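# Summary of structural features
So you can see what is in the structure, the chains are spelled out below.
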Amino acid sequence: MSEQPVKGRFAPSPTGRMHAGNVFAALVAWLVAKAQGGRIVLRIEDLDAQRSKPTYADAVQRDFERLGLTWDEGPFFQHGREEAYRAAFDALSAQGLVYPCFCTRADLHAASAPHRGEKPVYPGTCRRLSDEERAQRAAAGRVPAQRLRVPDCDVFLRDLVQGDYRQNLARECGDFLVRRSDGTFAYQLAVVVDDAAQGVNLVVRGVDLLCSTPQQMHLQDLLGLPHPVYAHVPLVVAERDRRLSKRDHDAALDALLARFKTPEGVIGHIAGITGLAPTCDPATPEELLQGFDPAALPTLFEDPVQIRWK
Ligand code: GLU
C-alpha cells in the first residue's frame, strides 16, 4: 500500500440509476479506503455529454447518501475540465506521440478482430499516413480523432484482487484514442488526469476495466504521474457472462429498496452474496467495516471475475 493517506474514489457515469453491481463496487471502494483511515472522492464522470444527464448525477448522489456510502471530497465533475485534459494532450503531442486517425467506426470494425475477447486492437492504419495523405483526408472534410502511439512493451500490474496482470501495449491494445473526432477527450486520458489532480491513489472498480488499466498506467508514465493502487472487483452478473444492466429491473436500486425495505437491507444483502460479509443480514457500511480486512482481498471472492446476482 502507498505510504500517503489512502484516497479512493467513486466515479459513476451519470447515464442511468445505480444497480446492485455499482453499489457493490462502491461499497468495496469505501471499505478498502476507510479500513485504512482513508478518504473517498466523488467524481461524476460526465465526459460523454450526450449520454450523461444531470438528473442521474443528482440521483446517484442521493443514492450513495441513502446507502451510507459517504464521500469526503467532491462532487467533482468532468465537464468544464477541458483545459486540464488539453494540457495533458498537448504534453503527449509535444513528445511526438499523437497522430490523427481518420478511420470510421466501420473501418475499425472491418479491420480489427477482438483480441482474447477483451477489446479490439487498432491495426495502426493511420499511424503510417504521410503528411500528404493526412492533408488530403483533412481536405476531404474528415475530422480526425487523435491516437496515442504505443511502444511494443509490456505493462505489468499487481492488482489487489486479480493478482498479477500483464499486457503488451502494441499487441494487445494498439494505439489508443486520446481524443475523439467530436473533440471530446477520451475516457483514458480524462481518468488519468482526474485521478492525479484529485490525489486518488486507490482505484477500486469493476474487472471490466482491468484491460484499460495498462493504457492508464502508460499515460501516467508519459505524463510523469504516480500509479494508484488498483483493485478490480468481480462483476455482478444476471446470468453467466452477462453483467447486470438496466434491463435487470430487479437489481435497480429502487427495486432493491422495495425488496429489502431499508438501505441496510440492501447493503447487507449485497455484502452477503458477494462474500464481503458472512451473512446477508442488514448492515450499514460502517458496521461492515468492523469485520473488513483489506489484506483479505486476494482471497475474498470465490470467483474474482463474476458473482451471480440473486
Ligand atoms: N465512470 C466509469 C463507470 O461508471 C468508471 C471509470 C473508472 O472507474 O475508471 O463505469
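Below: a short report on this structure. Every chain is numbered independently, its residues counted from 1 as its sequence is written. The model is predicted, so local features are restricted to residues of pLDDT at least 70 and side-chain atom pairs to those at 80 or more, both for listing and for counting; the totals for chains, interfaces and linings are taken over all residues. The basis for the side-chain values is all heavy atoms of the structure; hydrogens and waters are excluded.

Helical segments are the DSSP runs of H or I of at least four residues, strand segments are the runs of E of at least two, and each set is numbered from the N terminus. Within the fold, Asp46 resides in the loop between β2 (39–44) and α2 (54–67). Although Asp46 is buried, it makes no salt bridge; Arg43 carries the closest opposite charge, 8.4 Å away. Polar contacts, as counted here, are pairs of nitrogen or oxygen atoms within 3.5 Å of one another; within protein the pair requires one atom able to donate a hydrogen and one able to accept it, and residues that are adjacent in sequence qualify only if both atoms are side-chain atoms. At 2.8 Å, the side chain of Asp46 forms a polar contact with the backbone nitrogen of Gln78. Engagement of the side chain of Asp46 in a polar contact is seen with the side chain of His79, the distance being 2.5 Å. Apart from the residues within four sequence positions on either side, Asp46 is in contact with Pro14, Ser52, Phe77, Gln78 and His79. Think of it in three bands: residues with accessible area under 20% of the maximum for their type are buried, residues over 50% are exposed, and the middle band is partly exposed, with areas taken using a 1.4 Å probe on protein chains only. For this count, His and the chain ends are skipped, Lys and Arg are scored as positive, and Asp and Glu as negative. The working definition used for a salt bridge is a side-chain nitrogen of Lys or Arg within 4 Å of a carboxyl oxygen of Asp or Glu. Note on contacts: a residue pair qualifies if any of its non-hydrogen atoms lie within 4.5 Å across the two residues.

Moving on, we get to the site of the ligand. Near, as used in this document, describes a residue that has one of its heavy atoms within 4 Å of the molecule or strand being considered. Every residue near the ligand is listed here: Arg9, Ala11, Pro12, Ser13, Glu45, Tyr187, Val191, Arg205 and Leu209. In this structure, an oxygen atom belonging to the ligand sits 2.6 Å away from a side-chain N or O atom of Arg9. Contact distances for the ligand include 2.7 Å between an oxygen atom and a side-chain N or O atom of Tyr187. Only Asp, Glu, Lys and Arg are considered charged, only Ala, Val, Leu, Ile, Met, Phe, Trp, Tyr, Cys and Pro nonpolar, and every remaining residue, Gly among them, polar. Looking at the shell around the ligand residue by residue, the classes come out as five nonpolar, one polar and three charged.

In this structure, Ala20 sits in helix α1 (residues 20–34). Take Ala20: its relative accessible area is 1%, and that puts it in the buried class. Sequence spacing of Ala20 and Asp250 is 230 residues, and the spatial spacing of their C-alpha atoms is 9.1 Å. With residues near it in sequence (within four places) discarded, Ala20 still touches Leu244, Ala251, Leu256, Ile270 and Trp309.

A word on the pairing of strand β3 (residues 73–77). One bridge is not enough; two strands pair if DSSP finds at least two bridges between them. Where β2 and β3 come together, three bridges link them in parallel fashion. By the bridge assignment, Val41 is partnered in β3 with Glu73. Classification remark: right-handed applies to a crossover when, strands pointing away from the viewer, the course from the first strand over the helix to the second runs clockwise. Following the backbone out of β2, through α2 and into the adjacent parallel β3, one traces a crossover that is right-handed.

For the structure shown, the criterion picks out 19 salt bridges. A salt bridge links Arg17 to Asp254; its shortest N-O distance comes to 3.1 Å. Of this pair, Arg17 sits in the loop between β1 (7–10) and α1 while Asp254 sits in helix α9 (residues 253–260), placing them 237 residues apart in sequence. Residue Asp254 is classed as partly exposed on the basis of its relative accessible area of 44%. Close ionic contact of Arg243 with Asp208 constitutes a salt bridge, the shortest N to O distance being 2.8 Å.

A few words on the sheet that holds strand β10 (residues 176–179). Across the sheet, three strands lie side by side as β4-β7-β10; this open sheet has antiparallel pairing. Taken across any chain shown, the strands that pair with only one partner, and hence form the sheet edges, are β4 (98–101) and β10. Here the average twist between neighbouring strands, direction ignored, is 45°. Of the pairings in the sheet, the one linking β4 to strand β7 (residues 145–148) comprises four bridges and is antiparallel in character. Paired with Pro100 across the bridge in β7 is Gln146. Angular values range over 0 to 180 degrees, each being the angle between N-to-C directions of two axes fitted as lines to C-alpha atoms, with helices fitted over their stretch in contact.

Let's shift gears to the packing of aromatic side chains. Note on aromatic contacts: the rings of Phe and Tyr and the six-membered ring of Trp form a pair at centre separations within 6.5 Å, being stacked when their planes are under 30 degrees apart, edge-to-face when over 60 apart, and tilted otherwise. Overall, the coordinates contain five aromatic pairs when judged by the stated rule. When the ring of Phe10 is compared with that of Phe64, the centres are 4.5 Å apart and the planes differ by 25°; the resulting orientation is stacked. You can see Phe10 sitting in strand β1 and its partner Phe64 sitting in helix α2, a full 54 residues away along the chain. The exposure classification of Phe10 matches that of Phe64, with both residues buried. Among the aromatic residues, those joined into a cluster by ring pairs are Phe10, Phe64 and Trp71. The residue whose ring lies beneath Arg147 is Tyr122, and the NZ or CZ to ring-centre distance is 3.6 Å. The criterion is that NZ of a Lys, or CZ of an Arg, lies within 6 Å of the ring centre and within 35 degrees of the ring normal, and then a charge sits over that ring. The ring of Phe89 carries the charged tip of Arg179 above its face, separated from the ring centre by 5.7 Å.

Further remarks concern the packing of α1 against helix α10 (residues 263–274). Put simply, α1 and α10 touch, their axes get as near as 10 Å, and they point 80° apart. Classified by the angle their axes make, α1 and α10 are roughly perpendicular. In contact with Ala20, Val23, Phe24 and Leu27 of α1, α10 contributes Ile267, Ile270, Ala271 and Thr274. To sort the angles, those under 35 degrees are grouped as roughly parallel, those over 145 as roughly antiparallel, those from 65 to 115 as roughly perpendicular, and the leftovers as oblique.

What follows concerns unusual backbone geometry. Note the cis peptide between Gly74 and Pro75, where omega equals 10°. Its location among the elements puts Pro75 in strand β3. Notably, Asp241 is not glycine yet its phi reads approximately 65°, a positive angle. Looking at where Asp241 falls in the secondary structure, it is placed in the loop between β13 (235–239) and β14 (242–243). Not every positive phi belongs to a glycine, and Lys261 is a case in point at roughly 75°. Following the sequence through the fold, Lys261 ends up in the loop between α9 and α10. The class of Lys261 is exposed, set by a relative accessible area of 66%.

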